[in-house]
Amino acid sequence: NSVALSELERRRQELLELNLHLRREVEERFTSKNIVGTSSKIQDVRSMIDRTAESAVSVLVTGENGTGKELSARAIHYQSQRRSKPFVAVNCAALPESLVESELFGIEKGVATGVERRVGRIESANGGTLFLDEIGDLSMTAQAKLLRVLQEREVEWVGGRRPVPVDVRLIAATNKDLKEEIKQNRFRQDLFFRLNVIHIRMPALREVRSDIPLLATYFLRKHAKDLERDIQGFSQNAVKALMSYHWPGNIRELENEVKRAVVLTSGREIQVEDLSDAIVEERLAVPELESAMKSGEKQTLKDRVTTLEIQMIRDAMAQTDSDRRRAAKMLGLSHQGLLNKLKRYGLDN
Ligand SMILES: Nc1ncnc2c1ncn2[C@@H]1O[C@H](COP(=O)(O)OP(=O)(O)O)[C@@H](O)[C@H]1O
Ligand SMILES: [Mg+2]
């Protein structure tokens, strides 16, 4: 029996060590050091994370899909004192209206026939961090209840008798313009002020094009290793194609693209031909840019201005779903002025 006991104790120690090891690994994986990029916009993001991680203030992370909002939220959590407590991520857009409240706040047994008792996600994040993704999609009722949680530091279960105290740090993310949602009466202003203590804005990938080679190489190493492929890098033209694409799906799309190319390429270097049609075609659609880059010769100031102009126009078109009036406004051009440029650069199809 004592043999069995010491064996049990040994197994317990082993598990504790394994646990500690895994925890360290997770912590390592999710700090701001894993947010790749040297552009000043990405550096700003990293420094915001480093500066706010220690405190318990609410953080609002905004940005388009695939820009790294969740990655940043995790970095904040794993760099904070709360790192050994849970990080609970909830996608508000994925919760059906009828389940939102029980899922977030908890529900008592027997509230309706056949309902089992269920602890809410807020409470399961107790001591740690609650990440509410797509918070712009939360219903007005749930917003009111959430505000209460933040103010009173307690949750009320659906059908619960008395509130339960909770200590959570809230990080919220959205790709919507919450100020606009407030104007449309779809988002509570008081909740917005509560969330928006610190605001971290994730740049779209086309705003940090200079980071594309670094990110692409980072994903290449990762996936080449996973897929056990010996691939060294990208051809010059492949890099240029990646750098001139407008990336509506941002870093997530870039990662998928690189992964796809790693699978498809037959050589030790990824070529333009290994990239998706959309990326190759977009590059070919801009002859000026193409020839300026291909020649490798010294670019004149005019060439560079043209290249920049084309990129900015494409970006504005992408950001506005090709709404020419809004794009023109964004670029500080008249509507006709934009139409002229679109025509001149062959971007008007
Ligand atoms: N700066 C970055 N460096 C490395 N990987 C990144 C970076 N930004 C995003 N990623 C990766 O891109 C993918 C999408 O990021 P995610 O945080 O889910 O974006 P979002 O929540 O904004 O949609 C994830 O796999 C993430 O790890
Ligand atoms: Mg996300």
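Counting restarts for each chain, with residues numbered from 1 along the sequence as it is written. Lettering of chains starts at A and numbering of ligands starts at 1, both following the order in which they are written. It should be noted that, the model being predicted, local features are given only for residues of pLDDT at least 70 and side-chain atom pairs only at 80 or more, the latter also being counted only at that level, while totals for whole chains, interfaces and linings use all residues. For the side-chain quantities, the full set of heavy atoms in the structure was used; hydrogens and water were omitted.

Caption draft 1: How the structure looks around the overall build of the protein chain. What counts as a helix is a DSSP run of H or I of at least four residues, what counts as a strand is a run of E of at least two, and both are numbered from the N terminus. When helices and strands are counted, the protein chain shows 16 helices and nine strands. Principal axes of the C-alpha set define a box for the protein chain whose edges measure 75 × 60 × 40 Å. Type-normalised accessible area, obtained with a 1.4 Å probe on protein chains alone, sets the label of each residue: buried when under 20%, exposed when over 50%, and partly exposed for intermediate values. Burial statistics for the protein chain: of 349 residues in total, 43% are counted as buried. Two residues qualify as a contact provided that any one of their heavy atoms is within 4.5 Å of a heavy atom in the partner residue. Long-range contacts, defined as pairs at least 24 residues apart, comprise 73% of the intrachain contacts of the protein chain with a sequence gap of at least 6. The accessible surface values rely on the Shrake-Rupley method and a 1.4 Å probe; as for residues, cover is taken only from the protein chains in view. For the protein chain, the exposed surface amounts to about 19400 Å²; the carbon and sulfur share of it is 49%. Here the positive residues are Lys and Arg and the negative ones are Asp and Glu; neither His nor the chain ends is included. Charged side chains are reduced to one point each, which is NZ for Lys, CZ for Arg, CG for Asp and CD for Glu. Each charge class in the protein chain was averaged separately, 56 positive and 52 negative side chains, and the resulting centres sit 3 Å apart.

Caption draft 2: Examining the side chain of Asp-133 more closely. Examined against the element boundaries, Asp-133 turns out to sit in strand β3 (residues 129-133). The buried charged residue Asp-133 lacks any salt bridge partner; its closest oppositely charged side chain belongs to Lys-69, at an N-O distance of 5.5 Å. Discounting chain neighbours no more than four positions away, the residues touching Asp-133 are Glu-70, Val-90, Asn-91, Cys-92, Ala-93 and Ala-173. A pair is scored as a salt bridge if a Lys or Arg side-chain nitrogen falls within 4 Å of a carboxyl oxygen belonging to Asp or Glu.

Caption draft 3: Structural detail: the sheet that holds strand β2 (residues 87-91). Two strands are counted as paired when DSSP detects at least two bridges linking them. Strand order in the open sheet formed by five strands is β2-β3-β6-β1-β7, with parallel pairing between adjacent strands. The open sheet is flanked by β2 and β7 (198-201), the only strands paired with a single partner. Each adjacent strand pair in this sheet contributes to an overall mean axis angle of 20°, direction not counted. Pairing of strand β1 (residues 59-62) with strand β6 (residues 169-174), which is carried by four bridges, proceeds in the parallel orientation. Counterpart to Val-61 in the pairing with β6 is Ala-173. To obtain an axis, a line is fitted to C-alpha atoms, over the contacting stretch when the element is a helix, and the angle between two such axes runs from 0 to 180 degrees between their N-to-C directions.

Caption draft 4: Representation of the domain arrangement of the protein chain in the model. Partitioning the protein chain into domains gives domain 1 (35-203) and domain 2 (206-344). Once you take the C-alpha centre of each, domain 1 and domain 2 turn out to be 34 Å apart. Listed per partner, the contact involves 12 residues of domain 1 and 14 residues of domain 2. Take the accessible area each of two parts loses on contact, using a 1.4 Å probe, and add the two losses: that sum is the buried area. Buried area between domain 1 and domain 2, both sides added, is near 1100 Å², and the carbon and sulfur share of it is 51%. Of all residues in domain 1, Val-36, Glu-64 and Gly-66 bury the most surface against domain 2, accounting for 46% of the area lost on that side. Applying the counting rule to domain 1 against domain 2 returns three salt bridges. The term polar contact refers here to a pair of N or O atoms within 3.5 Å; inside protein, the definition further demands a hydrogen-donor-capable atom paired with an acceptor-capable atom, and it admits residues adjacent in sequence only when both atoms are side-chain atoms. The tally of links from domain 1 across to domain 2 stands at nine residue pairs in polar contact (both at pLDDT 80 or more). Each domain's extent was defined by an automatic or database domain assignment.

Caption draft 5: Local environment of the side chain of Asp-274. Looking at the secondary structure, you find Asp-274 in the loop between β9 (269-270) and α12 (277-284). For the buried Asp-274, which has no salt bridge, the nearest side chain bearing the opposite charge is Arg-260, at an N-O separation of 7.7 Å. Here the side chain of Asp-274 touches Gln-271 through a polar contact of 2.8 Å, landing on its backbone nitrogen. Look past the residues within four positions of Asp-274 in its chain and what remains in contact with it is Arg-260, Ala-261, Leu-264, Thr-265 and Glu-269.

Caption draft 6: View of the site of ligand 1. To be near a molecule or strand, a residue needs just one of its heavy atoms within 4 Å of it. Around ligand 1 there are 17 residues in total, and Val-36, Gly-66, Lys-69, Leu-71 and Arg-252 lie nearest to it. Within the backbone of Thr-67, a nitrogen or oxygen atom sits 3.3 Å from an oxygen atom of ligand 1. Taking Glu-70, its main chain carries an N or O atom lying 3.1 Å from an oxygen atom of ligand 1. In the complex, 85% of the free accessible area of ligand 1, which totals 560 Å², lies under the protein chains. Breaking the shell around ligand 1 down by element, the ones donating at least two residues are α3 (69-78), α9 (212-226) and α11 (250-264). In this count, Pro and Cys sit with the nonpolar residues alongside Ala, Val, Leu, Ile, Met, Phe, Trp and Tyr, while Asp, Glu, Lys and Arg are called charged and the others, Gly among them, polar. A breakdown of the residues in the shell around ligand 1 according to their chemical character gives seven nonpolar, five polar and five charged. Counting contributing residues, the shell around ligand 1 receives three or more from each of domain 1 (35-203) and domain 2 (206-344).

Caption draft 7: View of the pattern of salt bridges. Tallied over the entire structure, the rule returns 25 salt bridges. Taking the shortest distance from any N to any O, the salt bridge between Arg-74 and Glu-70 comes out at 2.9 Å. Pair noted here: Arg-74 and Glu-70 are both in helix α3, with a separation of four residues, about one helical turn. Note that Glu-255 and Lys-222 form a salt bridge whose closest N and O atoms lie 2.8 Å from each other. Separated by 33 residues along the polypeptide, Glu-255 in helix α11 and Lys-222 in helix α9 bring together distant segments of the chain. Take Lys-222: its relative accessible area is 37%, and that puts it in the partly exposed class.

Caption draft 8: View of a nonpolar patch on the surface. To count toward a patch, a residue needs a relative accessible area above 30% and no salt bridge. Like charges then connect within 9 Å, nonpolar side chains (Val, Leu, Ile, Met, Phe, Trp, Tyr) within 5 Å. Nonpolar side chains collect at one region of the surface, where Leu-15, Leu-18 and Leu-22 lie side by side and expose about 280 Å² of accessible area between them. You can see Leu-18 is positioned in helix α1 (residues 2-29). Owing to a relative accessible area of 46%, Leu-18 belongs among the partly exposed residues under this scheme.

Caption draft 9: A look at unusual backbone geometry. Unusually for a residue other than glycine, Asn-185 sits at a positive phi of about 60°. Note that Asn-185 resides in the loop between α7 (178-183) and α8 (189-195). By relative accessible area, which is 62% here, Asn-185 ends up exposed. Positive phi outside glycine occurs at Asn-250, with the angle close to 55°. Inspection of the secondary structure puts Asn-250 in helix α11.

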